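In case you want the letters, here they are:
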Amino acid sequence: ALGCAIAAPNRSGSEPWRFIQVGPETVRKLQELNALLPPTEEEDDDNSMESSSQGCTHSKTVDWSTIPGWCVVTTKVSHDGHRVIDDDVFLDDFKSTCCAIQNIMLSLWSEGIGSKWTS
């Protein structure tokens, strides 16, 4: 899947994506941080539906440690310590990273592996 990701189109061969394999301790910390965030509008809508349906769980209470693999994808950012140096370059790099993520997901899907993209 990573081979498909790095074949994604990108500005001048910049390959701005960074792939980070996340271990169980980091997953636990991410879950704790997520629990501190206020619910999104989408989660509020899900909660109103949950009260009428049995078996649904709020995403803030799902045990993330049961997810078999984690890969965090980031975009390399060029900055001068205070701000992004070139907004157009940043936007192009962000788009390239999105293409790489889509390629990973399509590759996994072709192998019968589920994935989820969240930001």
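Residues numbered from 1 in each chain as written. Predicted model: local features only at pLDDT ≥ 70, side-chain atom pairs only at ≥ 80, totals over all residues. Heavy atoms only, no water.

Trainee: Please explain unusual backbone geometry as it appears in this structure.
Mentor: Note: most residues except glycine have negative phi, and most peptide bonds are trans. Backbone geometry at serine 12 places phi at a positive 50°, although glycine is not the residue there. You can call serine 12 exposed: its relative accessible area is 72%. Even without being glycine, glutamate 15 reaches a positive phi, approximately 40°. Mapped onto the elements of the fold, glutamate 15 is located in the loop between helix 1 (2–5) and strand 1 (17–21). The exposure class of glutamate 15 is partly exposed, given its relative accessible area of 40%. (Buried < 20%, exposed > 50% of the residue type's maximum accessible area, 1.4 Å probe, protein only. Helix = DSSP H or I, 4+ residues; strand = E, 2+ residues; numbered from the N terminus.)

Trainee: Quick question: what am I supposed to make of the nonpolar core here?
Mentor: Across soluble globular proteins, nonpolar side chains have a tendency to be buried as a group. Counting five residues, the largest nonpolar core consists of Ala5, Ala8, Trp17, Ala100 and Ile104. Setting aside chain neighbours within four positions, we find alanine 5 in contact with Trp17, Phe19, Ala100, Asn103 and Ile104. (Core = buried A, V, L, I, M, F, W, Y, C linked by side-chain atoms within 4.5 Å. Contact = heavy atoms within 4.5 Å.)

Trainee: Sorry if this is basic, but what is going on with the packing of aromatic side chains here?
Mentor: Aromatic ring pairs: the centre-centre distance and the angle between the two ring planes describe each pair. By the definition in use, this model includes one aromatic pair. Ring centres of tryptophan 64 and tryptophan 70 lie 5.4 Å apart, and the angle between their planes is 40°; on these two criteria the pair is classed as tilted. Assessed through its relative accessible area of 16%, tryptophan 64 is described here as buried. (Phe/Tyr/Trp six-rings, centres within 6.5 Å; stacked < 30°, edge-to-face > 60°.)

Take it as geometry only, folks, not as evidence of what the structure does.
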